[in-house]
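Here are the chains, one letter per residue:
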Amino acid sequence: MPQQSSPPSPGDAPAQIESVCCNPQAQVRLKDRATWKIHGKLEYSSEQTEGKVESNYRGPHIKSPITRSTFVDLIEAFQQGHVLHEKYVYVILHQARAILKTLPNVNHIDLSNLHYIFIVGDLHGQLADLLHIFNANGLPATDNPFIFNGDFVDRGPNSVEVILLLLVALILYPSSVFLNRGNHEDHMVTFRYGFENEVNRKYTKCKTSLIDLFKDLFSWLPIYSSVDTGISKLMIVHGGISDRINLSQINSLTRNRLDSSLSIPPISKNIGQRLTKDEEDEYLQMADLLWCDPDPEDRPGCRNNDNRSMACYFGPDVTEKFLSKNHFSMLIRSHEVKEKGYEFEHNNKVLTVFSASNYNGESNWGAIARWDYKTEEPWVMSYTSQDIAPVEELSFNKQVTLFEDPVYQSLMETIVAKQSLLRKEFERSDRNQTNHISLTNWADIMKNVLQIDLPWFNLRSKFVKEDTQGILYNSMLEEYASDDAKFQKSHAGIMEDLYMSKDVLMTLFNLIDSDHSGFISRDRFSDFIKLLLDRENGTGDVNQGYIDEVMSAMDLDKNGKIDVNEFLESFRIVNMKKPQSLYDKPKTTHTII
């Protein structure tokens with residue numbers, strides 16, 4: 001029997017990364033290591049989720065992959081008061097954490113792609129408020145995006161259920177569901193204010209391991225979101241700002257080291273040593289972003305926040321200077337109970353949105369906001385506890401749109417990856433250049449190019465337009481495309497090569513990004529794109545001009561670095577058709593501003 005080689009040592013990664021671009025053998029080893037690392041992660045996850053489900057368990061069962069139907073099943077189970085089995089909690093937490101660990105410190109959100117976004121404030125374990133929001137505005141979906149701005153847990157009775165639903169939404173729609181960290185996503189805070197007690201009560205047998213897993217997951221939540229509305233930029237963060245916030249530093253810090261901002265500084269990277277000045281600055285800035293409040297007396301500058309005994313109050317002048325310096329038009333935050341669920345402050349430059357109604361025995365309303373593409377103001381929707389129907393009376397639709405169906409999505413990914421070859425065959429069949437081919441020819445080309453034997457005759461209405469002259473073959477290629485259409489048209493072949501390699505590329509991204517900052521320099525990332533295309537094409541001839549344009553297309557904010565959100569957006573398949581209801585104004589119960 002041939003001798004088996006042991007898997008590469010994780011400690012070899014830095015040397016491999018340094019030599020990979022000039023050493024073909026190192027390139028092969030790195031690809032092997034990427035595959036091995038994925039396998040190891042899957043094995044570890046399965047070890048955590050192999051727990052036996054008892055025969056008397058009456059709650060929902062989760063099958064892989066998680067689907068929209070799973071999401072609605074969970075909602076219905078939670079409506080009936082069921083507690084999800086620990087086995088399935090592990091499944092959700094591991095899948096969500098894997099996604100969160102790939103994300104940068106800031107969620108970059110472009111409304112030219114999403115068209116609008118809902119902004120949800122503190123929920124604090126109040127399931128009824130979350131389900132009211134979903135009932136009034138629709139469940140999260142590819143074309144119904146949400147930002148949840150922290151403080152998902154503590155004080156309310158259903159913190160476990162609320163955070164699990166939000167994590168399932170993230171797993172389903174990672175390009176249209178965004179989670180910001182709040183000051184209660186902190187193991188020191190959850191110990192004091194109820195979440196840990198809730199986990200202990202609902203999961204007695206595995207409480208310690210679950211709490212540890214939640215703690216780690218919370219530490220990977222992005223810190224804030226930056227939203228490009230088409231005419232301005234918004235900063236959405238849980239707490240607020242101060243005069244010491246440096247977003248360049250925030251964007252590059254190792255966020256999972258700062259797993260608590262409450263009184264206990266992190267351990268220095270230099271074990272046993274005091275925090276360096278940079279480390280202390282990071283800790284204090286993180287506390288400010290999660291804990292600060294607008295000054296209730298509109299005093300200038302920053303002063304001690306006596307109400308919270310930490311962080312600060314920030315004045316209108318601090319807001320004005322910060323927004324101007326960082327090119328934002330408004331700061332949207334949560335963190336504070338407001339009588340009507342929201343409040344504009346600092347000359348309408350700061351908006352507080354708080355979504356938990358009657359919070360902690362108060363009589364406040366809840367609110368959410370919606371911002372539409374190329375609009376100058378948000379829509380704010382308030383509701384009272386009287387507006388919220390009993391949880392058990394709400395009903396949600398399990399049916400997915402065709403585009404959300406994972407089988408259809410997978411098929412479209414294959415079509416996009418092979419669209420140049422499809423177009424070539426379509427045009428060859430269209431000898432008279434009429435932009436039409438016969439149904440028979442279209443079906444044969446689809447079968448032969450994609451190597452997928454489906455009833456294409458019957459499926460044609462789902463993929464392509466047809467008239468009396470035959471199949472309008474270009475309609476399929478125009479309606480479904482990768483997001484960066486301009487680049488795709490100019491260099492379709494190289495974009496498709498990358499698309500076909502995206503899973504491996506994502507793994508390499510995570511290997512290179514060893515500090516999990518979510519950023520890699522354009523030069524280094526370019527080297528690895530060339531690595532992949534060299535290996536895929538086998539020619540050793542990759543045009544540097546193509547590579548430069550790939551990098552320019554991916555570097556959406558033109559800061560010289562590629563982050564994971566930019567990477568994901570570059571390869572996200574979008575349906576270019578706009579649903580008729582896209583710009584419908586939201587349903588409101590009380591106040592619209």
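Computed from a prediction, not measured in an experiment: that's the story for all the values here.

Asker: Sorry if this is basic, but what is going on with the packing of aromatic side chains here?
Answerer: In this description, an aromatic ring pair is defined by two values, namely the gap between the centres and the angle between the planes. One pass over the structure, following the stated rule, counts 15 aromatic pairs. Considering the side-chain rings of F426 and Y473, the 5.4 Å spacing of their centres and the 40° angle between planes classify their relative orientation as tilted. Within this pair, whereas F426 is found in helix α15 (residues 419–429), its partner Y473 is found in the loop between β16 (470–472) and α18 (474–479), the two being separated by 47 residues in sequence. With respect to class, F426 is no different from Y473; both count as buried. Following the ring pairs from residue to residue traces out a cluster consisting of F71, Y116, F118, F134, F146 and F148. The ring of W365 carries K340 above its face, with NZ or CZ at 5.7 Å from the centroid.

Asker: In this structure, what is going on with the sheet that holds strand β3 (residues 146–148)? I would like to understand it.
Answerer: Two modes of strand pairing occur in sheets, parallel and antiparallel, and in both the strands are linked by backbone hydrogen bonds. An order of β4-β3-β2-β13-β14 is seen for the 5 strands of this open sheet, with the pairing classed as mixed. The open sheet is flanked by β4 (177–179) and β14 (379–383), the only strands paired with a single partner. Looking at each pair of strands side by side, their axes are set apart by 20° on average, direction ignored. Summarising the sheet, strand β2 (residues 116–120) and strand β13 (residues 366–372) pair through 5 bridges and their orientation is antiparallel. Residue pairing across strands places F118 opposite R370, the latter belonging to β13. Against the sheet, helix α7 (residues 159–172) engages β3 and β4, with an angle of about 130° to β4.

Asker: Sorry if this is basic, but what is going on with the confidence of the model for the protein chain here?
Answerer: Low-pLDDT stretches of the model should not have their predicted coordinates read in fine detail. This prediction gives the protein chain a mean pLDDT of 80; 73% of its residues lie at or above 70. Of the regions scoring below 50 in pLDDT, residues 1–50 engages in 48 contacts with residues more than four places distant in sequence or in other chains. This model gives residues 574–593 a pLDDT under 50, and the stretch forms 54 contacts once residues within four places in sequence are excluded.

Asker: I'm lost on helix α9 (residues 195–202) in this one. Help?
Answerer: Those residues of α9 not exposed but buried are F195, E196, E198, V199 and K202. Take α9 and look down its axis: the buried residues cluster within an arc of 160°, on one side only. Against α7, α8 (187–193) and α10 (207–219) lie the buried residues of α9.

Asker: Would you explain the side chain of E196 in this entry?
Answerer: Mapping E196 onto the fold places it in helix α9. As a buried residue without a salt bridge, E196 has its nearest oppositely charged side chain in K215, at a separation of 8.1 Å. Residue contacts for E196: discarding those within four places in its chain leaves H187, T190, F191 and I211.

Asker: Sorry, what's going on with the sheet that holds strand β7 (residues 293–294) here?
Answerer: In spatial order, the strands read β7-β9-β8; together these 3 strands make up an open sheet with mixed pairing. Where the open sheet ends on each side, the last strands, each with one partner, are β7 and β8 (302–304). Pairing geometry for β8 and strand β9 (residues 312–314), over 3 bridges, is antiparallel. Looking at the pairing, C302 lines up with F314 of β9.

Asker: Where do I start with the nonpolar core in this structure?
Answerer: Within soluble globular proteins, side chains that are nonpolar tend to cluster in buried spots. If you look at the biggest cluster of nonpolar residues, it comprises 67 residues, and the most contacted ones within it are L84, I92 and F148. Here the element with the most residues in this core is α7; it accounts for 12 residues. In this structure, I92 is in contact with I62, I66, L74, L84, L164, L167, V168 and I171, ignoring residues within four places of it in sequence. Counting residues in hydrophobic clusters, the runner-up holds 28 residues, among them I250, C312, F314 and V318.

Asker: Mind showing me how you'd approach the packing of helix α16 (residues 439–450) against helix α17 (residues 456–463) here?
Answerer: A pair of packed helices is captured by two measures, namely the crossing angle of their axes and the spacing between those axes. For the pair α16 and α17, interaxial distance at closest approach is 10 Å and the crossing angle is 90°. Taken as axis vectors, α16 and α17 run roughly perpendicular relative to one another. Residues L439, T440, W442, A443, M446, K447 and L450 of α16 form the contact with α17, whose own contacting residues are W456, F457, R460 and F463. Taken together, the residues of the contact of α16 with α17 break down into 8 nonpolar, 1 polar and 2 charged.

Asker: Can you help me understand the environment of S438 in this one?
Answerer: Within the secondary structure layout, S438 lies in the loop between α15 and α16. A residue is classified by how much of its surface remains accessible, and S438, at 34% relative accessible area, is partly exposed. In sequence terms S438 and E466 are 28 residues apart; their C-alpha atoms lie 9.6 Å from each other. Here N441 takes part through its backbone nitrogen, which lies 3.1 Å from a polar atom of the side chain of S438.

Asker: What is the right way to read the pattern of salt bridges from this model?
Answerer: Pairing between side chains of opposite charge can happen when their charged atoms approach one another. On inspection of all chains with the given rule, the structure shows 18 salt bridges. The shortest N-O distance in the salt bridge between D288 and R244 comes to 2.7 Å. Here the residue D288 occupies a position in helix α12 (residues 277–291), and R244 occupies one in the loop between β6 (233–237) and α11 (247–252), the gap between them amounting to 44 residues. Among the residues examined, R244 registers a relative accessible area of 40% and is labelled partly exposed. The salt bridge partner of D281 is K277, with a shortest N-O separation of 3.1 Å. Here D281 pairs with K277, and both are found in helix α12, just 4 residues apart, close to one helical turn. Here the residues in one salt-bridge network are D293, R308, R333, E336, K338, E343 and E345, joined through shared partners.

Asker: How do you make sense of the environment of F191 when you look at a structure like this?
Answerer: When you line up the elements, F191 lands in helix α8. When its relative accessible area of 58% is taken as the criterion, F191 is described as exposed. Expressed as a C-alpha distance, the spacing of F191 and I211, which sit 20 residues apart in the sequence, is 9.8 Å.

Scoring rules and cut-offs
Residues numbered from 1 in each chain as written. Predicted model: local features only at pLDDT ≥ 70, side-chain atom pairs only at ≥ 80, totals over all residues. Heavy atoms only, no water. Phe/Tyr/Trp six-rings, centres within 6.5 Å; stacked < 30°, edge-to-face > 60°. Helix = DSSP H or I, 4+ residues; strand = E, 2+ residues; numbered from the N terminus. Buried < 20%, exposed > 50% of the residue type's maximum accessible area, 1.4 Å probe, protein only. Lys NZ or Arg CZ within 6 Å of the ring centre and 35° of its normal. Pairing = 2+ DSSP bridges. Axes fitted to C-alpha atoms, helices over the stretch in contact; angles between N-to-C directions. Contact = heavy atoms within 4.5 Å. pLDDT = per-residue confidence, 0-100. Arc of directions from axis to C-beta. Lys, Arg positive; Asp, Glu negative; His and termini not counted. Salt bridge = Lys/Arg side-chain N within 4 Å of Asp/Glu carboxyl O. Core = buried A, V, L, I, M, F, W, Y, C linked by side-chain atoms within 4.5 Å. Parallel < 35°, antiparallel > 145°, perpendicular 65-115°, else oblique. Nonpolar A, V, L, I, M, F, W, Y, C, P; charged D, E, K, R; others polar. Polar contact = N/O pair within 3.5 Å; in protein donor to acceptor, adjacent residues only side chain to side chain.

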